[in-house]
Amino acid sequence: MKPIPIDPIRDDHGLGGVHIKYLRHCPRQLWLYMRGYRPEGGSDLVAFGEVVSETTFTRRRDVDLGEARIDWVTAGAVVHETKSSRTPSPAHDAQVRHYCLLLERRGVNVRGGIVHYPLIRRTTDVPWNEEAREAAETAEDEARAVIALGAAPERQTRAACRGCSYLDYCWGT
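Residues numbered from 1 in each chain as written. Predicted model: local features only at pLDDT ≥ 70, side-chain atom pairs only at ≥ 80, totals over all residues. Heavy atoms only, no water.

Caption draft 1: Local environment of helix α5 (residues 130–148). Across its 19 residues, α5 extends 27 Å between first and last C-alpha, which sits within 8% of the 27 Å expected from 1.5 Å per residue. Along α5, the residues classified as buried are Ala-132, Arg-133, Ala-136, Ala-139, Glu-140, Ala-143, Arg-144, Val-146 and Ile-147. Looking straight down α5, one finds its buried side chains confined to an arc of 165°; they lie on one side. Exposed residues pointing more than 90 degrees away from the buried face of α5 are listed as Glu-131 and Asp-141. (Helix = DSSP H or I, 4+ residues; strand = E, 2+ residues; numbered from the N terminus. Expected span 1.5 Å × (residues − 1). Buried < 20%, exposed > 50% of the residue type's maximum accessible area, 1.4 Å probe, protein only. Arc of directions from axis to C-beta.)

Caption draft 2: Layout of the environment of Leu-15. With respect to the helices and strands, Leu-15 occurs in the segment before α1 (17–25). Exposure remark for Leu-15: the relative accessible area of 0% places this residue in the buried category. For the pair formed by Leu-15 and His-98, sequence separation is 83 residues and the distance between their alpha carbons is 8.9 Å.

Caption draft 3: Fine view of the sheet that holds strand β6 (residues 122–127). Spatially, the 4 strands line up as an open sheet ordered β3-β4-β5-β6, and their pairing is mixed. With partners counted over all chains shown, the strands left at the sheet margins are β3 (72–74) and β6, one partner each. The mean inter-strand angle of the sheet, taken between neighbouring strand axes irrespective of direction, is 25°. Here helix α4 (residues 90–105) sits on the sheet and contacts β3, β4 (78–82), β5 (112–117) and β6; the angle it forms with β5, its principal contact strand, is near 145°. (Pairing = 2+ DSSP bridges. Axes fitted to C-alpha atoms, helices over the stretch in contact; angles between N-to-C directions. Contact = heavy atoms within 4.5 Å.)

Caption draft 4: Seen up close, the packing of aromatic side chains. Counted by the stated rule, this structure contains 4 aromatic pairs. A centroid spacing of 5.5 Å and a plane angle of 65° characterise the contact between Tyr-37 and Tyr-166, whose relative ring orientation is edge-to-face. Residue Tyr-37 is located in the loop between α2 (27–34) and α3 (44–55), and its partner Tyr-166 is located in the loop between α5 and α6 (167–171); the two are separated by 129 residues in the primary sequence. Looking at Tyr-166, the relative accessible area reads 1%, which means it is buried. Within the aromatic cluster, the residues linked to one another by ring pairs are Tyr-22, Tyr-33, Tyr-37, Tyr-166 and Tyr-169. Its guanidinium or amino end placed over the ring of Tyr-33, Arg-38 lies 3.8 Å from that ring's centre, counting from NZ or CZ. Directly above the aromatic system of Trp-171 lies the positively charged group of Arg-155, at a separation of 3.6 Å from the ring centroid. (Phe/Tyr/Trp six-rings, centres within 6.5 Å; stacked < 30°, edge-to-face > 60°. Lys NZ or Arg CZ within 6 Å of the ring centre and 35° of its normal.)

By themselves, these figures tell us nothing about what the structure is for.
Now the structure itself:
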C-alpha cells in the first residue's frame, strides 16, 4: 500500500476532517486509511453521500483549507457540514470542531458549527468554546497516536461496522 504524502504525526496541518471523523468512528479505519487502504471509492454508501452533498445546499461553496474541505462557512464564521446519515453521530460533531480549530488557527473568530442531516431534516449545533477547543486538540493528539501505531487497532464489534466501507477488510466477508 502506498502511504499518502502528508505526515500528520509531525505536521499540525496534515490532519483533515476525515481523519478525525474516522478516529471517532473507528480508530482501525483511520489507521488503515493512513496506510493507503481506501475502499470508499467502491462504496455505494459513499457514492450516495456524495449525491446528497452535491444536491443539497447547491448555492453554497466549499472552503478548501488544503488538509480539509469544509462544506461551507456562513457570515459570522459558522461552519456547516452536510451528512447523508440518518443518525447524528459524535464523529460528525468532532469533525466540525476540528474545522473550527483549523479556522481559528488561521485567525478566524469562529462562532461554532452546524451539522445538517437533510434526509431527516434535522440539524445539530456544535458549540465552539474552550471545552470544544480542548476536545479538538485532544482528538488531533489521539489521531496522531493511532496513526503512529505499528499494528492496526482492534476491530470493533461487527454490529458497529454495519455500513462501513472497511467491513470486508476487517471481517473478511
